[in-house]
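These are the residues of each chain, in order.
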Amino acid sequence: MPRPPAPQVKPVPTKGPSGVLIGAVVVLVLALIAGLVWAVTRDGADLSAEGSAHALAEGGGVSLGPGPDADVPQLHIYGDFQCPWCGVLEDAIGESVQEKVDAGDAHLTITLMSFLDGRLPGENSVRAANAALCADDQDAFLPYYRQVYLNRPAEQGAGWSDEQLVSFAGAAGIGDDDLETFTSCVQDLTYEDYVHAMQERANQDGVSGTPRLFVDGTQITDEQMQGLMENSLTLDEVIAAHS
C-alpha cells in the first residue's frame, strides 16, 4: 500500500469562540498526527534496551507513583516533546497530574515518543526524551518533563540545544552535586536506545498519534481530550468518567 503524504502539523490556537474552533482543530490535528506517525516511525528498535531509574522493561515508559498494581487510577500519557498539542495538554493537566502522583492518588506511566524526528530536523524529540530519562535518574522526571514543555520553542522544529536541555535542571530540582552526572547523560545520549524502544513499544501497542491519555487502560475520547485542552473538563471529571 503506498504511504500517504505526510501532513503539515502546525501549532494551533488555544482559544476560540465557545470552543468551536478548538474542537474542530483538535479532532483534525489528532487525525493528521495519526497519519504522520504511521508514515515516519522506525521499525525494529531493541525492546531490551536499558532505561532509567523508573523505566519499565521493554520500552514500557516511565512509571511514577504508587505502582501499577495499586488501587488508584492508572494514567498513561503518550506524547512527543515536539508535538504542539502535547504541550497544550501538559499546560492543562500537568499540575493536577503532579499533585495526584505526589499524593499517591494516581499511578502514572509516561511514554515518550519520537516520531516527529522523522519529519523535523535535529533529533530533538530523541534528545529531549533522553534528557528527561537522565532527570529520572535524579528523581526529577516529572518536574523536568514539565520544564521541557514550559520552555518549548515558539516555532515547531526549532528544538532545544544540549545547553538548553542541561539548563532546565535547576528548575527541575537537580542540584549542583548531581549536575555533572546529569550533563554527561544528556550529552552522551545515554538512553537513546530506550527512547527508540518506547517508540517501538507504542507502535506495537497501536498508539498512532499524540497526545494520548489512557485511564485504567481505556483511551479517553476525542471529546474528553478536547475538554481537557480547552479547560472545560477537569482531570478528575475525566477520571470519574472511566471509573
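Look up a bit, the structure's there.
Numbering of residues begins from 1 in every chain and follows the order in which that chain's sequence is written. Predicted model: local features are reported for residues with pLDDT of at least 70 only, side-chain atom pairs are reported and counted for 80 or more only, and whole-chain, interface and lining totals are derived from all residues. The side-chain quantities take in all heavy atoms of the structure and omit both hydrogens and water.

**Q** Before we go on, may I ask you to explain the overall build of the protein in this structure?
**A** In this description a helix means any DSSP run of H or I spanning at least four residues, a strand means any run of E spanning at least two, and both kinds are numbered starting from the N terminus. Helix and strand counts for the protein come out as nine helices and five strands. In sequence order, the protein lays out its α and β elements as α-β-β-α-β-α-α-α-α-α-β-β-α-α. The buried label applies to any residue whose accessible area, calculated with a 1.4 Å probe on protein chains only, is under 20% of its type's maximum; exposed applies above 50%, and partly exposed to all values in between. Looking at the protein as a whole, 53% of its 243 residues are labelled buried.

**Q** Whenever I open this one, the packing of helix α2 (residues 84-103) against helix α4 (residues 141-150) confuses me. Can you help?
**A** Packed helices, taken two at a time, are described by the angle their axes make and the gap between the axes. The interhelical angle for the contact between α2 and α4, taken along N-to-C directions, is 160°, at an axis separation of 10 Å. As judged from the angle between their axes, α2 and α4 are roughly antiparallel. The chirality of how α2 crosses α4 is left-handed. On the side of α2, the interface is formed by C86, G87, E90, D91, G94, E95, Q98 and V101, while α4 contributes L142, P143, Y145, R146, Y149 and L150. Following the grouping adopted for this structure description, the nonpolar residues are Ala, Val, Leu, Ile, Met, Phe, Trp, Tyr, Cys and Pro, the charged ones are Asp, Glu, Lys and Arg, and the polar ones are all others, Gly among them. Across the contact of α2 with α4, the residue classes tally to seven nonpolar, three polar and four charged. All axes are obtained by fitting lines to C-alpha atoms, using only the stretch in contact for helices, and the reported angles, taken between N-to-C directions, cover 0 to 180 degrees. Oblique is the label for any angle not covered by the other classes, which are roughly parallel (under 35 degrees), roughly antiparallel (over 145) and roughly perpendicular (65 to 115). Rotating anticlockwise by less than a right angle from the far helix to the near helix defines a left-handed crossing, while the corresponding clockwise rotation defines a right-handed one. Two residues qualify as a contact provided that any one of their heavy atoms is within 4.5 Å of a heavy atom in the partner residue.

**Q** For this particular structure, what's the right way to read the pattern of salt bridges?
**A** Between side chains of opposite charge, a pair can form as their charged atoms come close. The working definition used for a salt bridge is a side-chain nitrogen of Lys or Arg within 4 Å of a carboxyl oxygen of Asp or Glu. Tallying each qualifying case throughout the model produces six salt bridges. Between R146 and E90 there is a salt bridge, with the nearest N and O atoms lying 2.9 Å from each other. One end of the pair, R146, is in helix α4; the other, E90, is in helix α2, with 56 residues separating them in the sequence. Residue R146 shares its accessibility class with E90, and that shared class is buried. For D236, the salt bridge goes to K100, with nearest N and O atoms at 2.5 Å. Within this pair, whereas D236 is found in helix α9 (residues 235-241), its partner K100 is found in helix α2, the two being separated by 136 residues in sequence. Judged by relative accessible area, which is 46%, D236 ranks as partly exposed.

**Q** Would you explain unusual backbone geometry in this entry?
**A** With the exception of glycine, most residues fall at negative phi, and the peptide bonds are largely trans. Between T210 and P211 the backbone carries a cis peptide bond, its omega angle lying at -5°. Of note, P211 is situated in the loop between α7 (192-204) and β4 (212-215). Positive phi, close to 50°, is recorded for L189, a residue that is not glycine. Following the sequence through the fold, L189 ends up in the loop between α6 (176-187) and α7. Residue L189 is classed as partly exposed on the basis of its relative accessible area, which comes to 25%.

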